[in-house]
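Structural characterization, general
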Amino acid sequence: MLAFGDGKRGGSEGGVKMEGVVITEWKDIPVELLLRIVSLVDDRTVIMASGVCSGWRDAICLGLTHLSLSWCKNSMNNLVLSLAPKFTKLQTLVLRQDKPQLEDHAVETIAGYCHDLQDLDLSKSFKLSDLSLYALAHGCPNLSKLNISGCTAFSDVGLEYLFEFCRKLKILNLCGCVKGATDRALQGIGRNCSQLQFLNLGWCENVGDVGVMSLAYGCPELRTVDLCGCASITDESVIALANRCPHLISLGLYYCRNITDRAMYSLVHNRVKNKLAMWESMKGRCDGEGLRSLNISQCTALTPPAVQALCDSFPALHTCSGRHSLVMSGCLHLTSVHCVCAVQAHRPHTEPYMQLGRSPACEPAGGRTMPLRADGVRNGEHIITHHAALLDASLEDVMN
Ligand SMILES: [Zn+2]
């Protein structure tokens, strides 16, 4: 409330004139100005401000769209029960907890009043049951971002029900929802949530190939998929994602020990396929760099040639210190795999460029030309030339 200190003094001295409006009392502050001030202070202060007078309460209740109660260490449940019926225009509500406080009736109250909610963070709400999911399914159909990581009591039946109603989800965090995130739940996502772009399934050990394949087939917009610790999945999951999700930029496979070279070559194969299709359909425009982040730590079945092929195909994957977007911790047999930087470091400076007739639209921003690799192929072209033979020869069997 410090922001209001000067205004209070002004008010007690007979009024402050602002753009033709004389402010003599708290309630005289224009709603737009009040909401502007409220947007600059922390959430605890916003709630206090809503108690100043009925005018402020009404203005804040109707104007507030974002609220976080994560600072609340003991009485979050009661605070939600009291605030949710008033703050009916909320679009973002953060209720992340360190120790579980929220109970189902608080979430039911949110769902009963905050129908515009798009972004809800309920992470670490151990006490919540499927009753919360049923309430959200009916009350908050516009959810596009939902974080229920660590909500260990949710079941797959409850999640499946939620996905039938919340079909606009784009960002979903189910990390640690061991009981809920099963193939049945993922099939529910695949059937209903075709706009999904980000999915965290970290340590959901009940996730299997059937579920991930349903996702891949039903959610073609997927960009980031974290399957770290989903130890049951096999190459079939990765192959489905590689085949069906052309926008994939980040994949977590930590501790997925069933993953073999076949999965890596499917990513390489689809990179080439997507790039060629893009060139044909869009007259030479490039579609980014594909995978930018991959974690294959503890995937001990992978061999250096397969991972090197992947590294060559996706120049944004780095093993070098500082960038480290290809994470291979615990894979001691993969130490020979290096990103493009290592190759460039050993390249003679006088080496001539090899003209490959590529479209100018594919040159990196700033008109720079990608340097040649030691084998005489520019990085961006490497996959199209060098691996073409490899793909034709060996990958076709792998893919078929
Ligand atoms: Zn690098």
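Since the model is a prediction, treat every value here as computed from it, not as a measurement.

Listed under "domain: F-box" (unreviewed entry) in the UniProt record, and renumbered for this structure, are residues 26-61. As a span, residues 26-61 carries 64% helix and 0% strand, and end to end its C-alpha atoms are 16 Å apart.

How two helices pack is summed up by the angle between their axes together with the distance between the axes. It is at 9 Å that the axes of helix α5 (residues 76-83) and helix α6 (residues 104-113) come closest, and there the two elements cross at 25°. The pairing of α5 with α6 is recorded here as roughly parallel in orientation. For the pair α5 and α6, the sense of crossing is left-handed. The residues of α6 that touch α5, namely those facing Asn 77, Val 80 and Leu 81, are Ala 106, Thr 109 and Ile 110. Within the contact of α5 with α6, the residues separate by chemical class into four nonpolar, two polar and no charged.

Among the nonpolar cores identified, the biggest contains 100 residues, and Val 80, Leu 253, Cys 256, Met 264 and Leu 310 are the most heavily contacted of them. Two domains each donate at least three residues to this core, and these are domain 1 (1-64) and domain 2 (66-348 + 383-399).

Next up on the list: the environment of Leu 267. Looking at the element boundaries, Leu 267 is found in helix α12 (residues 261-281). Looking at Leu 267, the number of C-beta atoms within 10 Å reads 23, which means it is buried. Taking the C-alpha atoms as reference, Leu 267 lies 8.9 Å from Ser 313; in sequence the two are 46 residues apart.

The ten strands lie next to each other as β3-β4-β5-β6-β7-β8-β9-β10-β11-β12, forming an open sheet whose pairing is parallel. Edge strands, defined here as strands with exactly one partner in the open sheet, are β3 (66-68) and β12 (326-327). Alignment of strand β4 (residues 92-94) against strand β5 (residues 119-121), held across three bridges, turns out to be parallel. What sits directly across from Thr 92, in β5, is Asp 119.

Backbone geometry places Trp 203, a non-glycine residue, at a positive phi of 65°. Among the structural elements, Trp 203 can be located in the loop between β8 (198-200) and α10 (209-218). Positive phi, close to 45°, is recorded for His 324, a residue that is not glycine. For His 324, the location among the structural elements is in the loop between α13 (304-313) and β12. The class for His 324 is partly exposed, based on 14 C-beta atoms found within 10 Å.

Moving on, we get to the packing of helix α7 (residues 130-139) against helix α8 (residues 156-165). Running from N to C, α7 and α8 cross one another at 5°; their axes reach a closest spacing of 8 Å. When the interaxial angle is binned, α7 and α8 end up roughly parallel. On the side of α7, the interface is formed by Asp 130, Leu 133, Tyr 134, Leu 136, Ala 137 and His 138, while α8 contributes Val 157, Gly 158, Leu 159, Tyr 161, Leu 162, Glu 164 and Phe 165. The residue makeup of the contact of α7 with α8, split by class, is nine nonpolar, two polar and two charged.

The rules behind the values
- Residues numbered from 1 in each chain as written.
- Predicted model: local features only at pLDDT ≥ 70, side-chain atom pairs only at ≥ 80, totals over all residues.
- UniProt positions renumbered as here; feature names shortened; annotations may be inferred.
- Helix = DSSP H or I, 4+ residues; strand = E, 2+ residues; numbered from the N terminus.
- Axes fitted to C-alpha atoms, helices over the stretch in contact; angles between N-to-C directions.
- Parallel < 35°, antiparallel > 145°, perpendicular 65-115°, else oblique.
- Left-handed = near helix turned anticlockwise from the far one by under 90°.
- Contact = placed C-beta atoms within 7 Å.
- Nonpolar A, V, L, I, M, F, W, Y, C, P; charged D, E, K, R; others polar.
- Core = buried A, V, L, I, M, F, W, Y, C linked by C-beta atoms within 7 Å.
- Buried ≥ 20, exposed ≤ 12 C-beta atoms within 10 Å, placed from the backbone.
- Domains from an automatic or database assignment.
- Pairing = 2+ DSSP bridges.

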